[in-house]
Amino acid sequence: MTKSASPFSRRLRLFWKRHHASLCFGIPAVLALIWMSAIEPRLLAVRDYEVALPGLPPGLDGFTIAVLSDIHLKAGTLRRFPGWVETVNRRRPDLVVMLGDFVNGYGDNDPALSELSDDMRNFHASYGVFAVLGNHDLMRGSGPVAEALAAGNVRLLREEAVALPTPHGELNLIGLDY
């Protein structure tokens, strides 16, 4: 004697048969979207690296560079950026470099860029604050980003090099567009 399936289990099997592909691909896609838009942008990774450079003047041993990358400006980023500036300043870097992608490459980021400029003025580094553009900045049009960086006292390096004189020798920075 076989037991017949309940109406609920038949409906569940029919639902699974019709929608399993959507569930298998849709749920991970939604989770990835939540991660990319709500969780990952809130993370600030602070890592220390010691880099040995052959030929570096001994007086520059211990020279510290703070690196920020991929800000991808939006409302949430704008609220967190002052805290990021404080985190950098607490580490007392000799130099701050920002590696592009200040904007998302779409939308109207221009009003927020002026607020970002105000916060950038608060960086403290003995040898200054420098930046290069990323692919999203170039897609969006580099003009507004370049203006915001200049207003924030950030030197934008575009296909150029600059020699930073220090008491212990020159440190050369090279800035290339993405």
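Right above here is the structure, for reference.
Since the structure is predicted, the reported quantities are computational estimates derived from the model, not experimental observations. (Residues numbered from 1 in each chain as written. Predicted model: local features only at pLDDT ≥ 70, side-chain atom pairs only at ≥ 80, totals over all residues. Heavy atoms only, no water.)

1. Considering the pairing of strand S6 (residues 169-175)
Selection rule: Strand pairing requires that DSSP identify at least two bridges connecting the strands. Helical segments are the DSSP runs of H or I of at least four residues, strand segments are the runs of E of at least two, and each set is numbered from the N terminus.
The pairing of strand S5 (residues 160-166) with S6 spans seven bridges and is antiparallel. Looking at S6, one finds that Thr166 is bridged to Gly169.

2. Comments concerning the sheet that holds strand S3 (residues 129-132)
Neighbouring strands of a sheet are bound in pairs by backbone hydrogen bonds; such pairs are parallel or else antiparallel. Read from one edge to the other, the open sheet built from four strands follows the order S1-S2-S3-S4, with strand pairing classed as parallel. Lying at the two open borders of the sheet, with one neighbouring strand each, are strand S1 (65-68) and strand S4 (155-156).

3. What about the environment of His168?
As a reminder, the rule being used: Burial status follows relative accessibility: with a 1.4 Å probe on protein chains alone, a residue under 20% of its type maximum counts as buried, one over 50% as exposed, and anything between as partly exposed. Only heavy atoms matter for contacts: two residues are in contact if any of them lie within 4.5 Å across the pair.
Structurally, His168 can be placed in the loop between S5 and S6. Judged by its relative accessible area of 45%, His168 is partly exposed. Remark: the alpha-carbon pair of His168 and Pro57, spanning 111 residues in sequence, is separated by 6.5 Å. Residues within four places of His168 in sequence aside, it is in contact with Pro57, Gly59 and Leu60.

4. Focus: the pattern of salt bridges
Put simply, the test is: By convention in these notes, a salt bridge is any Lys or Arg side-chain nitrogen within 4 Å of a carboxyl oxygen on Asp or Glu.
In total, this model carries four salt bridges according to the counting rule given. Residue Arg91 pairs with Asp48 through a salt bridge whose shortest N-O separation is 2.2 Å. Residue Arg91 is located in the loop between helix H2 (75-90) and strand S2 (95-99), and its partner Asp48 is located in the loop between helix H1 (7-39) and S1; the two are separated by 43 residues in the primary sequence. Overall, the relative accessible area of 43% leaves Arg91 in the partly exposed class. For Asp48, a relative accessible area of 62% puts it in the exposed group. Notably, a salt bridge pairs Asp177 with Arg158, separated by 2.7 Å at the nearest N-O pair. Taken together, the residues span a long stretch of sequence, with Asp177 in the segment after S6 and Arg158 in the loop between S4 and S5 at a distance of 19 residues. According to the relative accessible area criterion, Arg158 is partly exposed, its value standing at 31%.

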